[in-house]
Every structure is written in C-alpha cells, then in structure tokens.
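Listed below are the residues making up each chain.
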Amino acid sequence: QVHLVESGGGLVQFGGSLRLSCAAPRSILSSFRLFTMGWYRQAPGKQRDLVARITTEGITDYADSVKGRFTISRDNGKKKVYLQMNALKPEDTAVYYCNVVGSSDWGQGTQVTVSS
C-alpha cells in the first residue's frame, strides 16, 4: 500500500505558477529511491491522467499538454517529489495526485484552480 501526501495547490491566475510537493509515507521511506514516481491529475467528469513521471535515475517524461511548462523533480534524501507548474492555463484545473507509477492506491490530492 502506497499513500502519499500532496500539498501546494491553490488558486492562481492564468499564466501563474505553483509548486506542488509530495511526501512519502513511512511505509515506503526505505524504498522510495527505487520507485518511478508520477504526478497525475483528474478534472471533474474526466479520467485520472498521468502528467509527469521521473525514474530512479532521474529520467523524466511528460504529457504533451504540459511539456515545456511543468517540471517534475525528486529529492531522495527528503523522500519528496515536486511538480513545478508554470504558465498555467484554465485547462490545468484539476485535483493533482502523486503516486508510485503502477499503484492504484491514491491519496487525498491537492486542488489546483486556474482562473481565466
């Protein structure tokens, strides 16, 4: 079971920025550095989609919709994952979740709302 805690969401204007943080639970602290981690988002009425992922070695991949605007990073010492979100658009409005890629055990998420 993997349950991470997301924070950093909020209300921002079109073109604004946010930095999301994800903290690993105690149960995976010792193995955190071995996992590929991802950020996902889910808007009302839509499925949950992967927007960014980062491997153990730091290799990153992004959905086309966020490429060039979002940056995923990780700190294996602090056992945290981050998502820097720039040039935000109203279409980015969603609940954002972090998780071990491949896991279906979801945490609370953090709400990101971008006004027009």
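This one's a predicted model, so the numbers in the text were calculated from it and none came from an experiment.

### Description of the sheet that holds strand E7 (residues 70-75)
For step 1, the next point in the chain: What the four strands build is an open sheet, ordered E1-E3-E8-E7; its pairing is antiparallel. Either end of the sheet is taken by a strand with one partner, and the two such strands are strand E1 (5-7) and E7. Averaged over all pairs of adjacent strands, the angle between strand axes in this sheet comes to 15°, irrespective of strand direction.

### A word on the environment of Leu20
For step 1, the next point in the chain: For Leu20, the position within the fold is in strand E3 (residues 18-23).
For step 2, the next point in the chain: Under the relative-accessibility criterion, Leu20 is labelled buried at 0%.
For step 3, the next point in the chain: Between the C-alpha atoms of Leu20 and Ile72, which are 52 residues apart in sequence, the distance is 9.4 Å.
For step 4, the next point in the chain: Dropping the residues within four chain positions of it, Leu20 is found in contact with Ser7, Gly8, Gly9, Trp39, Val81, Tyr82, Leu83, Met85, Tyr96, Thr110 and Val112.

### Some thoughts on the pattern of salt bridges
For step 1, the next point in the chain: In the structure shown here, the tally under the stated rule is four salt bridges.
For step 2, the next point in the chain: Residue Arg41 is joined to Asp92 by a salt bridge in which the shortest nitrogen-to-oxygen separation is 2.8 Å. In this pair, Arg41 sits in strand E4 (residues 37-42) while Asp92 sits in the loop between strand E8 (80-85) and strand E9 (94-100), placing the two residues 51 residues apart along the sequence. Taken individually, Arg41 and Asp92 each receive the classification buried, so the pair is uniform in this respect.
For step 3, the next point in the chain: For the salt bridge of Arg53 with Asp61, the shortest nitrogen-to-oxygen distance reads 3.1 Å.

Thresholds applied
- Residues numbered from 1 in each chain as written.
- Predicted model: local features only at pLDDT ≥ 70, side-chain atom pairs only at ≥ 80, totals over all residues.
- Heavy atoms only, no water.
- Pairing = 2+ DSSP bridges.
- Helix = DSSP H or I, 4+ residues; strand = E, 2+ residues; numbered from the N terminus.
- Axes fitted to C-alpha atoms, helices over the stretch in contact; angles between N-to-C directions.
- Buried < 20%, exposed > 50% of the residue type's maximum accessible area, 1.4 Å probe, protein only.
- Contact = heavy atoms within 4.5 Å.
- Salt bridge = Lys/Arg side-chain N within 4 Å of Asp/Glu carboxyl O.

Read these as layout, nothing more, since geometry by itself doesn't imply function.
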